[in-house]
Amino acid sequence: MICSVNATVCNGTSCLVPSSNYNEILSLALSTVLTVLLAMVMFSMGCNVEATKLWGHIKRPWGIFVGFLCQFGIMPLAAFLLSLAFQVQPIQAIAVMIMGCCPGGTGSNIISYWVDGDMDLSVSMTACSTILAMGMMPLCLFIYTKMWTDTDAIQIPYDSIGITLVTLLIPVGLGIYVKHKWPKKAKAILKVGSIAGAVLIAGIAVVGGVLYQSSWVISPSLWIIGVIYPAVGFAFGFFLARLVGQPYYRCRTIAIETGFQNSQLCSTIVQLSFSPEELEVMFSFPLIYSIFQMVFAALIIAGE
């Protein structure tokens, strides 16, 4: 019998080969790349924020307030109700809830531009929801996930989530400063950030598919939630904005901001916060949501 060169014990009839740590190395690499690319995306988002216009919306916060109600009121509640209605596994319900508690994504700013929305409001909403998520995301998770975490079978790592959110405020703040000091350079950085965002989604899908292959073997209910959930965000965001008398172009903006969650942030939090065993059954949902929020965004653009 010929033993592997990696064998630690070989007696001629059997050999002992140490277990491969390939997945551990790949998981560490994925966590590192996710963190770096997400920081780049958030930095580019900051480069799209003009401090004076942001302050103007804060002084007249009606649009931002409606967006806040949608982002941290409607979306977490919808995630909770959908998880209950389709009776998904508790750990998968946690993934749906994390997605529902995430702030708006930078892609919403691009979509708002393409549909002639209120760009200043879009950027201001994204920036404010990212800042407010530092407190609202842990609070919403605490309120809505108690029925799945009270048994102690699942622990939500609030410290890891909080550290991730606080850390992301640094590149956002730096981006706002760069926009203020060097507006022309900020435009170039914004383009690089958009590319980084696309690379981030693709990288998550490819590497996550290798690492957590069984995460795609899921019940149809999770795919159905992935279809319904962004549609709920877009629809309720639009109708709530219309209900309070916002003009049509702002209604579109608030709808896009509500339905277009920061799926890159969700994937990063999930990857950094949960064990490989838990990731096997929860990692795919942020990608599923990302796919269908892009589909609905494309339909909105096509309808213009």
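The rules behind each value
Residues numbered from 1 in each chain as written. Predicted model: local features only at pLDDT ≥ 70, side-chain atom pairs only at ≥ 80, totals over all residues. Heavy atoms only, no water. Helix = DSSP H or I, 4+ residues; strand = E, 2+ residues; numbered from the N terminus. Buried < 20%, exposed > 50% of the residue type's maximum accessible area, 1.4 Å probe, protein only. Contact = heavy atoms within 4.5 Å. Areas by Shrake-Rupley, 256 points an atom, 1.4 Å probe, with all protein chains shown as cover. Core = buried A, V, L, I, M, F, W, Y, C linked by side-chain atoms within 4.5 Å. pLDDT = per-residue confidence, 0-100. Phe/Tyr/Trp six-rings, centres within 6.5 Å; stacked < 30°, edge-to-face > 60°. Axes fitted to C-alpha atoms, helices over the stretch in contact; angles between N-to-C directions. Parallel < 35°, antiparallel > 145°, perpendicular 65-115°, else oblique. Left-handed = near helix turned anticlockwise from the far one by under 90°. Nonpolar A, V, L, I, M, F, W, Y, C, P; charged D, E, K, R; others polar. Patch = residues over 30% accessible without salt bridge, like charges linked within 9 Å, V, L, I, M, F, W, Y side chains within 5 Å. Salt bridge = Lys/Arg side-chain N within 4 Å of Asp/Glu carboxyl O. Disulfide = S-S within 2.5 Å.

Trainee: Tell me about the overall build of the chain, and name the residues and values.
Mentor: The helix and strand inventory of the chain stands at 14 helices and 2 strands. Among the 304 residues that make up the chain, the fraction classed as buried is 49%. Taking contacts inside the chain between residues at least 6 apart in sequence as the whole, the part at least 24 apart equals 82%. Summed over all atoms, the accessible surface of the chain reaches about 14,200 Å², with 70% contributed by carbon and sulfur.

Trainee: Talk me through the nonpolar core; I want residue IDs and the actual numbers.
Mentor: Grouped together as the largest cluster of nonpolar side chains are 61 residues, with contacts concentrated most on Ile98, Met137, Tyr229 and Phe285. When residues of this core are assigned to their parent elements, the largest contribution, 11 residues, is made by helix H6 (residues 119-144). In this structure, Met137 is in contact with Ile98, Cys101, Cys102, Ile161, Leu165 and Ile269, ignoring residues within four places of it in sequence. The next biggest cluster of nonpolar side chains, apart from the first, holds 6 residues, and it includes Val115, Phe234, Ile256 and Phe260.

Trainee: I'd love a proper account of helix H12 (residues 263-273), names of residues and values included.
Mentor: An α-helical turn contains 3.6 residues, so a residue and the one three or four places further along point in the same direction. Counting buried residues in H12 gives 10 out of 11 residues, a clear majority hidden from the surface. Where H12 is concerned, the buried positions are Ser263, Gln264, Leu265, Cys266, Ser267, Thr268, Ile269, Val270, Gln271 and Ser273.

Trainee: I'd like a description of the confidence of the model for the chain, backed by residues and values.
Mentor: Residues at a pLDDT of 70 or more form 76% of the chain, whose mean pLDDT is 77. Least confident of the elements in the chain is strand E2 (residues 15-16), whose mean pLDDT is 46; most confident is helix H10 (residues 220-243), at 90. Scored below 50 in pLDDT, residues 4-9 shows 11 contacts in the model against residues more than four places distant or in partner chains. Across residues 14-20 the pLDDT falls below 50, and counting only partners more than four positions away or on other chains, this stretch makes 16 contacts in the model.

Trainee: Which residues make up the packing of aromatic side chains, and what values do they have?
Mentor: Describing an aromatic ring pair means giving the distance of the ring centres and the angle of the ring planes. One pass over the structure, following the stated rule, counts 10 aromatic pairs. Plain terms: the ring middles of Phe80 and Tyr144 are 5.5 Å apart, the flat faces sit at 45° to each other, and that makes the pair tilted. One end of the pair, Phe80, is in helix H3 (residues 62-86); the other, Tyr144, is in helix H6, with 64 residues separating them in the sequence. Assigned by exposure class, Phe80 and Tyr144 land together as buried. Note on Tyr229 and Tyr289: the rings are 5.4 Å apart at their centroids and 70° apart in plane angle, and the pair reads as edge-to-face. Taken together, the positions of Tyr229 in helix H10 and Tyr289 in helix H14 (residues 284-302) put the pair 60 residues apart, joining distant regions of the chain. Exposure class is identical for Tyr229 and Tyr289. Each is buried.

Trainee: Before we move on, can you summarise the packing of H3 against helix H4 (residues 90-101) with the specific residues and values?
Mentor: The geometry of H3 relative to H4 is characterised by a closest axis approach of 8 Å and an angle of 165° between their N-to-C directions. Taken together, H3 and H4 sit at an angle that is classed as roughly antiparallel. Pair H3 / H4 crosses with right-handed handedness. Contacts from Gln71, Phe72, Met75, Pro76, Ala79, Phe80 and Ser83 in H3 reach Ala93, Val96, Met97, Gly100 and Cys101 in H4.

Trainee: Any details on the packing of H10 against helix H11 (residues 248-259)? Residues and values, ideally.
Mentor: It is the contact of H10 with H11, at a shortest axis distance of 7 Å, that shows an interaxial angle of 150°. The crossing of H10 and H11 is right-handed. Residue-level inspection shows Pro230, Gly233, Phe234, Gly237, Phe238, Ala241 and Arg242 of H10 in contact with H11, the latter providing Tyr248, Cys251, Arg252, Ile254, Ala255, Ile256, Thr258 and Gly259. Broken down by class, the residue content of the contact of H10 with H11 amounts to 9 nonpolar, 4 polar and 2 charged.

Trainee: Pulling in residues and values, what's your account of a nonpolar patch on the surface?
Mentor: A contiguous nonpolar patch, built from Trp62, Phe65, Leu69, Leu243 and Val244 and spanning about 490 Å² of accessible area, is present on the exposed surface. When residues of the nonpolar patch are assigned to their parent elements, the largest contribution, 3 residues, is made by H3. By the secondary structure assignment, Phe65 is in helix H3.

Trainee: Describe the state of the cysteines, with residues and values.
Mentor: One pass over the full model with this rule turns up 0 disulfides. Left without a disulfide partner, Cys70 is nearest to the cysteine sulfur of Cys251, which lies 10.0 Å away. Its relative accessible area of 0% is what places Cys70 among the buried residues. With no disulfide of its own, Cys266 has Cys102 as its nearest cysteine by sulfur position, at a separation of 4.6 Å. The exposure class of Cys266 is buried, given its relative accessible area of 0%.

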